[in-house]
Amino acid sequence: MDKFEKIMEIIEKLEDKSNELEVLEYIQKEYGFISKEMIKFVADKLDRFEFSVENTVKYYPHLKMEGKQVIEVKICTHTACSNNGSKKILEEAKKILGVGEDETTPNGDYKLMTQRCFGQCGKGPNVKVGDEIYNKVTPEILKRLIKK
Ligand code: FES
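Residues numbered from 1 in each chain as written. Predicted model: local features only at pLDDT ≥ 70, side-chain atom pairs only at ≥ 80, totals over all residues.

Colleague: Explanation requested: the domain arrangement of the protein in the structure shown.
Modeller: Frequently, the measure chosen for interface size is the accessible area that the parts lose on association. By the assigned domains, the protein splits into domain 1 (3–59) and domain 2 (71–145). Spacing between the C-alpha centres of domain 1 and domain 2 amounts to 30 Å. Across the boundary between the two partners, domain 1 contributes 5 residues, which contact 4 residues of domain 2. Of the residues that constitute the side of domain 1 that touches domain 2, the class distribution is 2 nonpolar, 1 polar and 2 charged. (Domains from an automatic or database assignment. Contact = placed C-beta atoms within 7 Å. Nonpolar A, V, L, I, M, F, W, Y, C, P; charged D, E, K, R; others polar.)

Colleague: Can you walk me through the sheet that holds strand β2 (residues 103–104) in this structure?
Modeller: Sheet strands pair by backbone hydrogen bonding; their relative direction is either parallel or antiparallel. Strand order in the open sheet formed by 5 strands is β2-β3-β1-β4-β5, and the pairing between neighbours is mixed. Edge strands, defined here as strands with exactly one partner in the open sheet, are β2 and β5 (132–134). (Pairing = 2+ DSSP bridges. Helix = DSSP H or I, 4+ residues; strand = E, 2+ residues; numbered from the N terminus.)

Colleague: Looking at this structure, I do not really get helix α6 (residues 86–97). What am I missing?
Modeller: Since there are 3.6 residues in each turn of an α-helix, residues three or four apart along the chain are aligned in direction. Under the 1.5 Å per step criterion, the end-to-end length of α6 is 16 Å for 12 residues, consistent within 8% with the ideal 16 Å. In the core, the buried residues of α6 are packed alongside β1 (71–76), α5 (79–83), β3 (110–115), β4 (127–129) and α7 (139–145). Positive backbone phi, at 70 degrees, marks Gly 98, one or two positions downstream of α6. (Expected span 1.5 Å × (residues − 1).)

Colleague: Quick question: what am I supposed to make of the pairing of β3 here?
Modeller: Each regular strand shows side chains that alternate between the opposite faces of the sheet. Note: β1 against β3, 6 bridges, orientation parallel. Paired with Ile 71 across the bridge in β3 is Tyr 110. Relative to β3, β2 is paired through 2 bridges, and the arrangement is antiparallel. In the sheet register, Glu 103 faces β3, and the bridge partner there is Leu 112. Linking β2 back to β3 in an antiparallel pair, the connection comprises 5 residues, with Gly 108 at a positive phi of about 75 degrees.

In structure tokens, the structure reads:
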């Protein structure tokens, strides 16, 4: 399912079609930002002016326009890393970031994800933060990697 199909699903569930905030909050939570493309889509589907939807995004501080890079935090949960304690690292990441798997922090800084193997199985537990893979990650190292 592509991003617009998912957004459309939320729109279809809306009882009050004049309230775009619920859709925008969903987009923010899922993607960590709201792009011009998404604003146009929401405006079209809710029969609103694009500038009006954009003004809503600008009005609420917890909604962010595109431009800020969301840092993906990927925890390897495949066999070797799992045997080396990656489940504990995943739980720690959830605690530090205050989000679940596949969720973005409310400030749009981080998205927490899992990964099935980085090909560095002997050095686990492995965590990728942005483009960098870190080996033998402990809860203490994780805290330093994803400062909030
Ligand atoms: S199992 Fe984690 S890198 Fe291969």
